[in-house]
Amino acid sequence: MTAAGGTTDRELLRRYHQGGDLEAREQLIEQYLPLVRSLARRYANRGEQLEDLVQVGAIGLIKAIDRFDVDRGVELSTYATPNIIGEIKRHFRDKGWSIRVPRGLQELNVRLSQLLERLTAELERSPTISELAEAAGVTEEEVLEALESGQAYTTVSLSAPSGQGEDGQVDPLESLGELEHAYEVSEDRAVLAPGLEALDERERRILHLRFWEGLTQSQIAAQVGISQMHVSRLIRRALEKVRDEIATGRRFE
Amino acid sequence: MRTSCAEVARTLSADSITLSIPHAKPYHGVARLVVGGLAARLDLSYEHLEDLQLALESVLERGGYVAGDEVTVRLLVEPDSVAMTIGPLDPVEVRADLEGGRGDGIPLSRLLATLVEEVALEEADGGHRLRLEKRVPMRRPEPRAPV
(Lines give C-alpha, C1' and ligand atoms only; values in the text may rest on other atoms or scores of the structure.)
Protein backbone atom coordinates (compact mmCIF):
# COMPACT_ATOMS: atom_id res chain seq x y z
CA MET A 1 0.00 0.00 0.00
CA THR A 2 1.17 3.53 -0.77
CA ALA A 3 0.32 6.43 1.49
CA ALA A 4 -1.08 9.72 0.29
CA GLY A 5 2.36 11.34 0.08
CA GLY A 6 3.71 8.41 -1.93
CA THR A 7 5.41 6.78 1.07
CA THR A 8 5.15 3.01 1.03
CA ASP A 9 4.23 0.84 3.99
CA ARG A 10 7.70 -0.60 4.07
CA GLU A 11 9.28 2.84 4.30
CA LEU A 12 6.92 3.80 7.13
CA LEU A 13 7.62 0.53 8.91
CA ARG A 14 11.35 1.06 8.60
CA ARG A 15 11.04 4.61 9.90
CA TYR A 16 9.11 3.35 12.90
CA HIS A 17 11.07 0.17 13.68
CA GLN A 18 14.54 1.46 12.93
CA GLY A 19 14.21 5.14 13.71
CA GLY A 20 11.49 5.11 16.36
CA ASP A 21 9.36 7.48 14.26
CA LEU A 22 5.99 7.47 16.03
CA GLU A 23 4.39 9.62 13.34
CA ALA A 24 5.11 6.87 10.83
CA ARG A 25 3.37 4.44 13.17
CA GLU A 26 0.34 6.73 13.46
CA GLN A 27 0.22 7.05 9.69
CA LEU A 28 0.22 3.27 9.29
CA ILE A 29 -2.55 2.90 11.85
CA GLU A 30 -4.74 5.45 10.07
CA GLN A 31 -3.98 3.90 6.73
CA TYR A 32 -5.11 0.46 7.84
CA LEU A 33 -8.18 1.47 9.85
CA PRO A 34 -10.44 0.79 6.84
CA LEU A 35 -9.14 -2.79 6.86
CA VAL A 36 -9.98 -3.04 10.57
CA ARG A 37 -13.45 -1.63 9.92
CA SER A 38 -14.07 -4.05 7.10
CA LEU A 39 -13.03 -7.04 9.24
CA ALA A 40 -15.01 -5.78 12.23
CA ARG A 41 -18.16 -5.62 10.09
CA ARG A 42 -18.01 -9.40 9.73
CA TYR A 43 -18.50 -9.72 13.48
CA ALA A 44 -21.15 -7.02 13.89
CA ASN A 45 -24.73 -8.02 14.80
CA ARG A 46 -23.49 -10.42 17.44
CA GLY A 47 -24.44 -8.23 20.33
CA GLU A 48 -21.55 -5.79 20.05
CA GLN A 49 -21.49 -2.29 18.57
CA LEU A 50 -19.48 -1.99 15.38
CA GLU A 51 -17.47 0.94 16.79
CA ASP A 52 -16.46 -1.17 19.81
CA LEU A 53 -15.29 -3.95 17.52
CA VAL A 54 -13.33 -1.46 15.42
CA GLN A 55 -11.55 -0.29 18.56
CA VAL A 56 -10.76 -3.87 19.55
CA GLY A 57 -9.58 -4.67 16.03
CA ALA A 58 -7.37 -1.57 16.10
CA ILE A 59 -5.51 -3.08 19.06
CA GLY A 60 -4.76 -6.11 16.87
CA LEU A 61 -3.56 -3.78 14.12
CA ILE A 62 -1.25 -1.90 16.48
CA LYS A 63 0.19 -5.17 17.78
CA ALA A 64 0.78 -6.30 14.19
CA ILE A 65 2.55 -3.04 13.32
CA ASP A 66 4.67 -3.25 16.47
CA ARG A 67 5.69 -6.86 15.88
CA PHE A 68 6.13 -6.69 12.13
CA ASP A 69 9.49 -7.86 10.89
CA VAL A 70 10.47 -5.51 8.07
CA ASP A 71 12.98 -7.98 6.69
CA ARG A 72 10.34 -10.57 5.95
CA GLY A 73 8.77 -10.63 2.54
CA VAL A 74 5.23 -10.42 3.86
CA GLU A 75 2.81 -7.57 3.27
CA LEU A 76 1.61 -5.76 6.37
CA SER A 77 -2.03 -6.39 5.38
CA THR A 78 -1.34 -10.15 5.23
CA TYR A 79 0.31 -10.09 8.63
CA ALA A 80 -2.21 -7.76 10.24
CA THR A 81 -5.41 -9.53 9.16
CA PRO A 82 -5.12 -12.61 11.43
CA ASN A 83 -3.96 -10.36 14.28
CA ILE A 84 -7.02 -8.12 13.91
CA ILE A 85 -9.42 -11.06 13.63
CA GLY A 86 -7.69 -12.78 16.56
CA GLU A 87 -8.14 -9.72 18.73
CA ILE A 88 -11.84 -9.44 17.85
CA LYS A 89 -12.43 -13.14 18.52
CA ARG A 90 -10.57 -12.85 21.81
CA HIS A 91 -12.83 -9.95 22.73
CA PHE A 92 -15.93 -12.09 22.22
CA ARG A 93 -14.33 -14.88 24.19
CA ASP A 94 -13.39 -12.59 27.06
CA LYS A 95 -16.77 -10.92 27.13
CA GLY A 96 -18.47 -13.44 29.35
CA TRP A 97 -20.78 -16.41 29.11
CA SER A 98 -21.35 -17.90 25.75
CA ILE A 99 -25.04 -17.82 24.90
CA ARG A 100 -24.84 -21.56 24.33
CA VAL A 101 -24.53 -22.21 28.07
CA PRO A 102 -27.98 -22.66 29.64
CA ARG A 103 -28.78 -20.26 32.45
CA GLY A 104 -29.21 -23.11 34.94
CA LEU A 105 -25.65 -24.26 34.38
CA GLN A 106 -24.34 -20.70 34.60
CA GLU A 107 -26.05 -20.29 37.96
CA LEU A 108 -24.78 -23.64 39.21
CA ASN A 109 -21.27 -22.68 38.13
CA VAL A 110 -21.48 -19.47 40.14
CA ARG A 111 -22.80 -21.38 43.17
CA LEU A 112 -20.04 -23.96 42.84
CA SER A 113 -17.46 -21.20 42.81
CA GLN A 114 -18.81 -19.93 46.14
CA LEU A 115 -19.08 -23.45 47.58
CA LEU A 116 -15.53 -24.21 46.53
CA GLU A 117 -14.30 -21.26 48.58
CA ARG A 118 -16.43 -22.19 51.58
CA LEU A 119 -15.56 -25.90 51.57
CA THR A 120 -11.85 -25.26 51.01
CA ALA A 121 -11.88 -23.05 54.11
CA GLU A 122 -13.99 -25.47 56.17
CA LEU A 123 -12.17 -28.67 55.22
CA GLU A 124 -8.74 -27.01 54.98
CA ARG A 125 -8.22 -28.89 51.72
CA SER A 126 -9.65 -28.85 48.25
CA PRO A 127 -13.11 -30.52 48.27
CA THR A 128 -13.97 -33.52 46.13
CA ILE A 129 -16.57 -33.51 43.39
CA SER A 130 -18.97 -35.50 45.58
CA GLU A 131 -18.56 -33.01 48.42
CA LEU A 132 -19.33 -30.17 46.03
CA ALA A 133 -22.34 -32.08 44.70
CA GLU A 134 -23.66 -32.75 48.18
CA ALA A 135 -23.22 -29.13 49.25
CA ALA A 136 -24.94 -27.89 46.09
CA GLY A 137 -27.70 -30.48 46.32
CA VAL A 138 -27.05 -31.76 42.80
CA THR A 139 -25.53 -34.88 41.27
CA GLU A 140 -21.82 -35.34 40.59
CA GLU A 141 -22.61 -35.33 36.87
CA GLU A 142 -24.32 -31.95 37.18
CA VAL A 143 -21.26 -30.59 39.00
CA LEU A 144 -18.98 -31.83 36.23
CA GLU A 145 -21.25 -30.41 33.55
CA ALA A 146 -21.36 -27.02 35.29
CA LEU A 147 -17.58 -26.99 35.71
CA GLU A 148 -17.18 -27.86 32.04
CA SER A 149 -19.59 -25.08 31.08
CA GLY A 150 -17.26 -22.72 32.92
CA GLN A 151 -14.80 -23.27 30.07
CA ALA A 152 -17.08 -21.03 28.01
CA TYR A 153 -16.76 -18.23 30.47
CA THR A 154 -14.23 -15.74 31.52
CA THR A 155 -14.58 -12.44 33.21
CA VAL A 156 -14.27 -9.12 31.48
CA SER A 157 -11.70 -8.07 34.07
CA LEU A 158 -9.17 -10.22 32.26
CA SER A 159 -9.09 -7.73 29.41
CA ALA A 160 -10.54 -4.68 31.08
CA PRO A 161 -8.36 -1.64 31.60
CA SER A 162 -6.44 -1.84 34.82
CA GLY A 163 -6.86 0.50 37.76
CA GLN A 164 -9.91 1.59 39.63
CA GLY A 165 -13.34 0.66 38.44
CA GLU A 166 -16.34 2.92 38.41
CA ASP A 167 -17.15 1.93 41.96
CA GLY A 168 -13.72 3.04 43.09
CA GLN A 169 -12.65 -0.53 43.86
CA VAL A 170 -9.21 -1.59 42.78
CA ASP A 171 -9.18 -4.69 40.63
CA PRO A 172 -7.75 -7.38 42.94
CA LEU A 173 -5.45 -8.51 40.17
CA GLU A 174 -3.80 -5.13 40.30
CA SER A 175 -2.29 -6.13 43.62
CA LEU A 176 -0.30 -8.78 41.81
CA GLY A 177 1.99 -6.04 40.63
CA GLU A 178 3.28 -5.62 44.14
CA LEU A 179 3.49 -9.30 44.93
CA GLU A 180 5.99 -10.71 42.60
CA HIS A 181 9.15 -8.72 42.44
CA ALA A 182 11.13 -11.85 41.64
CA TYR A 183 9.21 -12.11 38.41
CA GLU A 184 10.65 -8.80 37.25
CA VAL A 185 14.16 -10.11 37.42
CA SER A 186 13.46 -13.64 36.25
CA GLU A 187 16.01 -14.72 33.72
CA ASP A 188 13.95 -17.57 32.39
CA ARG A 189 13.87 -16.95 28.68
CA ALA A 190 10.33 -18.30 28.46
CA VAL A 191 9.14 -15.20 30.27
CA LEU A 192 10.20 -13.25 27.24
CA ALA A 193 9.05 -15.82 24.71
CA PRO A 194 7.10 -14.48 21.75
CA GLY A 195 4.06 -16.58 22.68
CA LEU A 196 3.66 -14.57 25.86
CA GLU A 197 3.42 -11.27 24.03
CA ALA A 198 -0.35 -11.64 23.82
CA LEU A 199 -0.61 -11.56 27.62
CA ASP A 200 -0.91 -8.49 29.70
CA GLU A 201 1.29 -8.04 32.73
CA ARG A 202 -1.31 -9.42 35.13
CA GLU A 203 -1.80 -12.61 33.12
CA ARG A 204 1.95 -13.18 32.95
CA ARG A 205 2.16 -12.81 36.69
CA ILE A 206 -0.65 -15.30 37.32
CA LEU A 207 1.15 -17.82 35.12
CA HIS A 208 4.40 -17.02 36.85
CA LEU A 209 2.91 -17.69 40.28
CA ARG A 210 1.46 -20.99 39.09
CA PHE A 211 4.21 -22.41 36.90
CA TRP A 212 7.38 -20.76 38.13
CA GLU A 213 6.61 -20.28 41.80
CA GLY A 214 4.60 -23.49 41.99
CA LEU A 215 1.70 -22.01 43.95
CA THR A 216 -1.56 -23.94 43.82
CA GLN A 217 -4.73 -22.34 42.53
CA SER A 218 -6.07 -21.95 46.06
CA GLN A 219 -2.79 -20.38 47.24
CA ILE A 220 -2.91 -17.89 44.36
CA ALA A 221 -6.57 -17.21 45.11
CA ALA A 222 -5.78 -16.53 48.77
CA GLN A 223 -2.79 -14.38 47.95
CA VAL A 224 -4.53 -12.34 45.30
CA GLY A 225 -7.96 -12.15 46.89
CA ILE A 226 -9.99 -13.61 44.06
CA SER A 227 -11.88 -16.90 43.89
CA GLN A 228 -10.16 -20.16 43.08
CA MET A 229 -12.39 -20.67 40.09
CA HIS A 230 -11.48 -17.22 38.83
CA VAL A 231 -7.80 -18.16 39.08
CA SER A 232 -8.55 -21.34 37.15
CA ARG A 233 -10.27 -19.37 34.37
CA LEU A 234 -7.47 -16.84 34.20
CA ILE A 235 -4.84 -19.56 33.87
CA ARG A 236 -6.77 -21.38 31.16
CA ARG A 237 -7.49 -18.21 29.25
CA ALA A 238 -3.87 -17.06 29.46
CA LEU A 239 -2.58 -20.44 28.25
CA GLU A 240 -5.07 -20.36 25.40
CA LYS A 241 -3.89 -16.90 24.42
CA VAL A 242 -0.29 -18.14 24.41
CA ARG A 243 -1.24 -21.08 22.18
CA ASP A 244 -3.15 -18.77 19.80
CA GLU A 245 -0.22 -16.40 19.65
CA ILE A 246 2.20 -19.21 18.85
CA ALA A 247 -0.13 -20.57 16.16
CA THR A 248 -0.41 -17.09 14.59
CA GLY A 249 3.36 -16.63 14.73
CA ARG A 250 4.01 -20.00 13.14
CA ARG A 251 1.88 -19.16 10.14
CA PHE A 252 4.45 -16.52 9.26
CA GLU A 253 7.59 -18.55 9.87
CA MET B 1 -29.20 -48.29 50.32
CA ARG B 2 -27.84 -47.36 46.92
CA THR B 3 -24.16 -48.13 46.39
CA SER B 4 -22.53 -45.20 44.65
CA CYS B 5 -20.27 -45.58 41.64
CA ALA B 6 -17.50 -44.06 43.73
CA GLU B 7 -17.80 -46.82 46.31
CA VAL B 8 -17.75 -49.51 43.63
CA ALA B 9 -14.76 -47.92 41.91
CA ARG B 10 -12.85 -47.72 45.16
CA THR B 11 -13.07 -51.48 45.57
CA LEU B 12 -11.15 -52.03 42.36
CA SER B 13 -7.39 -52.43 42.46
CA ALA B 14 -6.92 -51.07 38.96
CA ASP B 15 -9.21 -49.53 36.45
CA SER B 16 -8.76 -48.16 32.99
CA ILE B 17 -10.74 -46.10 30.54
CA THR B 18 -9.74 -45.66 26.92
CA LEU B 19 -11.24 -42.93 24.80
CA SER B 20 -10.55 -42.23 21.15
CA ILE B 21 -11.79 -38.92 19.81
CA PRO B 22 -11.29 -36.80 16.71
CA HIS B 23 -8.39 -34.42 17.25
CA ALA B 24 -10.59 -31.33 17.20
CA LYS B 25 -11.22 -28.81 19.93
CA PRO B 26 -14.96 -29.50 20.36
CA TYR B 27 -14.09 -33.10 21.27
CA HIS B 28 -11.45 -32.14 23.80
CA GLY B 29 -14.30 -31.21 26.15
CA VAL B 30 -15.45 -34.82 25.95
CA ALA B 31 -12.04 -35.98 27.15
CA ARG B 32 -12.12 -33.40 29.97
CA LEU B 33 -15.53 -34.68 31.06
CA VAL B 34 -14.27 -38.27 31.10
CA VAL B 35 -11.35 -37.21 33.31
CA GLY B 36 -13.88 -35.40 35.50
CA GLY B 37 -16.09 -38.48 35.70
CA LEU B 38 -13.17 -40.61 36.77
CA ALA B 39 -12.07 -38.02 39.32
CA ALA B 40 -15.57 -38.05 40.79
CA ARG B 41 -15.55 -41.85 41.02
CA LEU B 42 -12.20 -41.79 42.77
CA ASP B 43 -13.14 -38.93 45.09
CA LEU B 44 -10.26 -36.82 43.87
CA SER B 45 -10.13 -33.21 44.95
CA TYR B 46 -11.13 -30.33 42.70
CA GLU B 47 -7.49 -29.21 42.53
CA HIS B 48 -6.27 -32.63 41.44
CA LEU B 49 -8.99 -32.74 38.80
CA GLU B 50 -7.96 -29.30 37.57
CA ASP B 51 -4.33 -30.40 37.31
CA LEU B 52 -5.22 -33.50 35.31
CA GLN B 53 -7.51 -31.59 32.97
CA LEU B 54 -5.00 -28.80 32.43
CA ALA B 55 -2.23 -31.32 31.71
CA LEU B 56 -4.48 -33.01 29.18
CA GLU B 57 -5.37 -29.70 27.52
CA SER B 58 -1.72 -28.67 27.38
CA VAL B 59 -0.98 -31.67 25.20
CA LEU B 60 -4.17 -31.82 23.14
CA GLU B 61 -4.53 -28.15 22.34
CA ARG B 62 -1.02 -27.11 21.41
CA GLY B 63 -0.67 -27.35 17.65
CA GLY B 64 1.91 -29.82 16.43
CA TYR B 65 1.85 -32.33 19.26
CA VAL B 66 -0.86 -34.71 18.12
CA ALA B 67 -0.02 -36.72 15.02
CA GLY B 68 -3.07 -37.59 12.97
CA ASP B 69 -6.77 -36.82 12.98
CA GLU B 70 -7.64 -38.97 15.96
CA VAL B 71 -6.23 -39.01 19.45
CA THR B 72 -6.52 -41.68 22.13
CA VAL B 73 -6.55 -40.85 25.80
CA ARG B 74 -6.13 -43.71 28.22
CA LEU B 75 -6.66 -43.32 31.92
CA LEU B 76 -5.24 -45.93 34.21
CA VAL B 77 -6.08 -45.99 37.88
CA GLU B 78 -3.32 -47.32 40.07
CA PRO B 79 -3.31 -47.72 43.85
CA ASP B 80 -1.97 -44.24 44.54
CA SER B 81 -1.99 -42.51 41.19
CA VAL B 82 -3.82 -41.83 37.97
CA ALA B 83 -1.84 -42.25 34.77
CA MET B 84 -2.93 -40.64 31.55
CA THR B 85 -1.48 -41.64 28.21
CA ILE B 86 -2.11 -39.48 25.16
CA GLY B 87 -1.20 -40.33 21.61
CA PRO B 88 -0.23 -40.76 18.85
CA LEU B 89 2.07 -37.76 19.12
CA ASP B 90 4.77 -36.25 16.98
CA PRO B 91 7.87 -37.27 18.98
CA VAL B 92 10.06 -34.53 17.48
CA GLU B 93 7.70 -31.73 18.50
CA VAL B 94 6.99 -33.12 21.95
CA ARG B 95 10.60 -34.05 22.73
CA ALA B 96 11.82 -30.61 21.66
CA ASP B 97 9.39 -28.97 24.05
CA LEU B 98 10.12 -31.41 26.86
CA GLU B 99 13.84 -30.88 26.54
CA GLY B 100 14.04 -27.20 27.30
CA GLY B 101 11.29 -25.77 25.18
CA ARG B 102 11.00 -24.33 21.72
CA GLY B 103 11.42 -20.83 23.02
CA ASP B 104 8.05 -19.58 21.82
CA GLY B 105 5.92 -20.05 24.91
CA ILE B 106 5.85 -21.79 28.25
CA PRO B 107 7.76 -25.05 27.77
CA LEU B 108 5.62 -28.16 28.04
CA SER B 109 8.13 -29.51 30.55
CA ARG B 110 7.44 -26.61 32.90
CA LEU B 111 3.67 -26.91 32.63
CA LEU B 112 3.69 -30.64 33.21
CA ALA B 113 6.23 -30.50 36.05
CA THR B 114 3.75 -28.32 37.93
CA LEU B 115 0.70 -30.43 37.14
CA VAL B 116 1.86 -34.07 37.38
CA GLU B 117 4.63 -36.04 39.06
CA GLU B 118 5.93 -38.14 36.18
CA VAL B 119 6.22 -37.50 32.47
CA ALA B 120 7.47 -40.02 29.93
CA LEU B 121 7.40 -40.15 26.15
CA GLU B 122 6.82 -43.79 25.27
CA GLU B 123 6.89 -45.69 22.03
CA ALA B 124 4.17 -48.26 21.61
CA ASP B 125 2.23 -49.86 18.77
CA GLY B 126 4.32 -48.05 16.19
CA GLY B 127 3.51 -44.61 17.62
CA HIS B 128 4.53 -42.29 20.41
CA ARG B 129 2.44 -41.33 23.38
CA LEU B 130 2.97 -39.25 26.44
CA ARG B 131 2.44 -40.85 29.81
CA LEU B 132 1.54 -38.45 32.60
CA GLU B 133 1.25 -39.79 36.10
CA LYS B 134 -0.33 -37.88 38.92
CA ARG B 135 -0.05 -39.19 42.44
CA VAL B 136 -3.29 -38.69 44.27
CA PRO B 137 -4.49 -39.75 47.68
CA MET B 138 -7.33 -42.18 47.20
CA ARG B 139 -9.59 -43.13 50.01
CA ARG B 140 -10.38 -46.80 49.61
CA PRO B 141 -12.91 -48.15 52.08
CA GLU B 142 -13.26 -51.85 52.78
CA PRO B 143 -14.31 -53.74 49.65
CA ARG B 144 -18.01 -54.39 49.41
CA ALA B 145 -20.06 -56.41 47.00
CA PRO B 146 -21.24 -54.49 43.95
CA VAL B 147 -24.97 -54.17 43.49
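In this text, all values refer to a predicted model and were calculated from it rather than measured experimentally. (Residues numbered from 1 in each chain as written. Chains lettered and ligands numbered in written order. Predicted model: local features only at pLDDT ≥ 70, side-chain atom pairs only at ≥ 80, totals over all residues.)

Can you lay out the overall build of chain B for me, pointing to particular residues and giving the numbers?
A tally of regular secondary structure across chain B gives five helices and five strands. Ordering the α and β elements of chain B from the N terminus gives α-β-α-α-β-β-α-α-β-β. The 147 residues of chain B split such that 38% are buried. Of the contacts formed within chain B by residues at least 6 apart in sequence, a portion of 65% connects residues at least 24 apart. (Helix = DSSP H or I, 4+ residues; strand = E, 2+ residues; numbered from the N terminus. Buried ≥ 20, exposed ≤ 12 C-beta atoms within 10 Å, placed from the backbone. Contact = placed C-beta atoms within 7 Å.)

Please give an account of the nonpolar core that cites residues and values.
If you look at the biggest cluster of nonpolar residues, it comprises 66 residues, and the most contacted ones within it are Leu132 of chain A together with Ala39, Leu56 and Ile86 of chain B. The two domains that each donate at least three residues to this core are domain 2 (98-153) and domain 3 (170-253) of chain A. If near-sequence neighbours (up to four positions away) are discounted, Leu132 of chain A is found in contact with Leu112, Leu115, Leu116, Leu119, Pro127 and Val143 of chain A together with Tyr46 of chain B. Counting 19 residues, the second largest nonpolar core, distinct from the first, contains Leu28, Val36, Leu53 and Ala80 of chain A. (Core = buried A, V, L, I, M, F, W, Y, C linked by C-beta atoms within 7 Å. Domains from an automatic or database assignment.)

Any chance you could break down the pairing of strand 5 (residues 127-135) of chain B for me, citing the residues and the numbers?
All names here are of chain B. Relative to strand 5, strand 3 (residues 81-89) runs antiparallel, the two being bridged by seven bridges. Opposite Leu89, over in strand 5, you have His128 as the bridge partner. Alignment of strand 4 (residues 118-124) against strand 5, held across seven bridges, turns out to be antiparallel. Across the sheet, the residue bridging to Glu122 is Arg129, located in strand 5. Between strand 4 and the antiparallel strand that follows it, strand 5, lie two residues; Asp125 among them carries a positive phi value of about 55°. (Pairing = 2+ DSSP bridges.)

I'd like to hear about the interface of chain A and chain B, residue by residue, with values.
Each partner contributes to the interface: chain A provides 32 residues, whereas chain B provides 27 residues. At the level of secondary structure, the elements contributing two or more residues to the side of chain A that touches chain B comprise helix 6 (129-136), helix 7 (140-149), helix 10 (201-212), helix 11 (217-224) and helix 12 (228-250) of chain A. For the side of chain A that touches chain B, the element with the most residues is helix 12 of chain A, which contributes six residues. The residue inventory of the side of chain A that touches chain B, partitioned by class, reads 15 nonpolar, eleven polar and six charged. (Nonpolar A, V, L, I, M, F, W, Y, C, P; charged D, E, K, R; others polar.)

Describe helix 1 (residues 9-19) of chain A, with residues and values.
Residues and elements named next belong to chain A. Among all positions of helix 1, only Asp9, Leu12 and Tyr16 are buried. Mapping the buried residues of helix 1 onto a view down its axis gives an arc of 75°, with all of them on the same face. Relative to its buried face, helix 1 has exposed residues pointing more than 90 degrees away, namely Gln18 and Gly19. Of the residues flanking the end of helix 1, it is Gly20, one or two places downstream, whose phi is positive at about 70°. (Arc of directions from axis to C-beta.)

Give me the lowdown on the sheet that holds strand 3 of chain B, citing residues and values where you can.
All names here are of chain B. Taken together, the five strands give an open sheet; going across it, the order is 1-2-3-5-4, and neighbouring strands pair in antiparallel fashion. Each edge of the sheet is formed by a strand with only one pairing partner; in this case those strands are strand 1 (15-22) and strand 4. Strand-to-strand twist in this sheet, taken as the mean axis angle between neighbours without regard to direction, amounts to 20°. Across the face of the sheet, helix 4 (residues 91-98) comes into contact with strand 3, strand 4 and strand 5 while running at roughly 160° to strand 4. (Axes fitted to C-alpha atoms, helices over the stretch in contact; angles between N-to-C directions.)

Before we move on, could you go through helix 6 of chain A and cite the residues and values that matter?
Of all the positions in helix 6 of chain A, only Ile129, Glu131, Leu132 and Ala133 of chain A are classed as buried. Looking one or two residues past helix 6 of chain A, Gly137 of chain A carries a phi angle of roughly 70°, positive in sign.

Would you mind going over unusual backbone geometry in detail, with residue names and values included?
The amide bond that connects Gly87 of chain B to the next residue, Pro88 of chain B, takes the cis arrangement and shows omega of 0°. Positive phi is not limited to glycine here, since Glu124 of chain A has a value of about 60°. Structurally, the position occupied by Glu124 of chain A is in the loop between helix 5 (103-123) and helix 6. Judged by local crowding, Glu124 of chain A falls into the exposed class, with 7 C-beta atoms found within 10 Å. If you check the backbone angles, Asp43 of chain B has positive phi at about 60° while not being a glycine. By the element assignment, Asp43 of chain B lies in the loop between helix 2 (25-41) and helix 3 (46-60). For Asp43 of chain B, a count of 23 C-beta atoms within 10 Å puts it in the buried group.

Tell me about the environment of His48 of chain B, and please be specific about residues and values.
Residues and elements named next belong to chain B. Tracing the backbone shows His48 in helix 3. A sequence separation of 89 residues divides His48 from Pro137, and the C-alpha atoms of the two residues are 9.6 Å apart. If we skip the residues at most four places from it in the chain, His48 touches Ala39, Lys134 and Val136.

So what's going on with the packing of helix 1 of chain A against helix 2 (residues 22-42) of chain A? Which residues, and what values?
Residues and elements named next belong to chain A. Orientation of helix 1 relative to helix 2, taken along the N-to-C sense of each, is 140°, at an axis distance of 7 Å. As the angle between them shows, helix 1 and helix 2 are arranged oblique. Crossing handedness for the pair helix 1 and helix 2: left-handed. Contact residues: Asp9, Leu12, Leu13, Arg15 and Tyr16 in helix 1; Ala24, Arg25, Gln27 and Leu28 in helix 2. Classifying every residue of the contact of helix 1 with helix 2 by side-chain character gives five nonpolar, one polar and three charged. (Parallel < 35°, antiparallel > 145°, perpendicular 65-115°, else oblique. Left-handed = near helix turned anticlockwise from the far one by under 90°.)

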